[in-house]
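# Working through the structure, step by step
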Amino acid sequence: MFSDGLLRKLAKMEQGVYDLLDTVASKCRSMTTPEKIELGRRIRKLPETALDHMVEVVKMRRPEILVSDKVSFSLGRLDDTTLWRLYYYVETALKAKQDRTVTPP
């Protein structure tokens, strides 16, 4: 079993990673409308398990837009930092999905 001290350190490290990602994403340029449309297409390709984490990304950045059990939001209404966080998450999740489906020679 992990000690409480180790768990606290891991939680602090995780928060540090999220803070770093927010800082990096906040330095990105504004996302264009065609990029938002492509992001929406890529989101629809995500496996269901990846959608849960995507919702967490939005909830951390904009908790007020997810107030019910039903999850629905417009990419056009999200700030650029949230959009870029979603973009990088979606790209990573799709790459992982692709890597799992490729069979070794």
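The name an unreviewed UniProt entry assigns to the protein chain is NET domain-containing protein, from the organism Aegilops tauschii subsp. strangulata.

This next bit is on the confidence of the model for the protein chain. Residues of the protein chain with pLDDT of at least 70 account for 80%, and the chain-wide mean is 79. Looking at the elements of the protein chain, mean pLDDT is at its lowest for helix 1 (residues 4-26), recorded as 72, and at its highest for helix 2 (residues 33-44), recorded as 93.

What follows deals with the nonpolar core. Within soluble globular proteins, side chains that are nonpolar tend to cluster in buried spots. Within the largest apolar cluster, 17 residues are counted, with the highest numbers of intra-cluster contacts made by L39, L46, L75, L86 and V90. For this core, the secondary-structure elements that each account for two or more residues are helix 2, helix 3 (48-61) and helix 4 (80-101). Of all the elements, helix 4 adds the most residues to this core, at seven residues. Setting aside its immediate chain neighbours within four residues, V90 contacts L39, R42, I43 and L46.

Over its 14 residues, helix 3 runs 21 Å from end to end, which matches the ideal 20 Å to within 8%, given 1.5 Å per residue. Taken residue by residue, helix 3 has A50, M54, V55, V57 and V58 as its buried positions. Seen along its axis, helix 3 keeps its buried residues to an arc of 155°; they face one direction. When the buried face of helix 3 is taken as reference, the exposed residues oriented beyond 90 degrees from it are E48, T49 and D52. Where helix 3 is buried, its residues touch helix 2 and helix 4.

This brings us to the packing of aromatic side chains. Any aromatic ring pair is given by two values, namely how distant the centres are and how the planes are angled relative to each other. Under the definition given, this model contains three aromatic pairs. Seen from their ring centres, W84 and Y87 are 5.3 Å apart, and the 75° between their planes marks the pair as edge-to-face. In this pair, W84 and Y87 both sit in helix 4, three residues apart, roughly one turn of the helix. For the pair W84 and Y88, a centre-to-centre distance of 6.1 Å together with 35° between the ring planes defines the contact as tilted. Of this pair, W84 and Y88 both sit in helix 4, four residues apart, which is roughly one turn of that helix. Assessed through its relative accessible area of 43%, Y88 is described here as partly exposed. A network of ring pairs unites the aromatic residues W84, Y87 and Y88 as a single cluster.

This paragraph deals with the packing of helix 3 against helix 4. Viewed as axis vectors pointing N to C, helix 3 and helix 4 meet at an angle of 165°, and their least axial separation amounts to 10 Å. Between helix 3 and helix 4, the crossing angle belongs to the class labelled roughly antiparallel. Viewed along their axes, helix 3 and helix 4 form a crossing whose handedness is right-handed. Between helix 3, through A50, H53, M54, V57, V58, M60 and R61, and helix 4, the contact on the second element is made entirely by T81, T82, R85, L86, Y89 and A93. Residue composition of the contact of helix 3 with helix 4, grouped by class: eight nonpolar, three polar and two charged.

The rules we used
- Residues numbered from 1 in each chain as written.
- Predicted model: local features only at pLDDT ≥ 70, side-chain atom pairs only at ≥ 80, totals over all residues.
- Heavy atoms only, no water.
- pLDDT = per-residue confidence, 0-100.
- Helix = DSSP H or I, 4+ residues; strand = E, 2+ residues; numbered from the N terminus.
- Core = buried A, V, L, I, M, F, W, Y, C linked by side-chain atoms within 4.5 Å.
- Buried < 20%, exposed > 50% of the residue type's maximum accessible area, 1.4 Å probe, protein only.
- Contact = heavy atoms within 4.5 Å.
- Expected span 1.5 Å × (residues − 1).
- Arc of directions from axis to C-beta.
- Phe/Tyr/Trp six-rings, centres within 6.5 Å; stacked < 30°, edge-to-face > 60°.
- Axes fitted to C-alpha atoms, helices over the stretch in contact; angles between N-to-C directions.
- Parallel < 35°, antiparallel > 145°, perpendicular 65-115°, else oblique.
- Left-handed = near helix turned anticlockwise from the far one by under 90°.
- Nonpolar A, V, L, I, M, F, W, Y, C, P; charged D, E, K, R; others polar.

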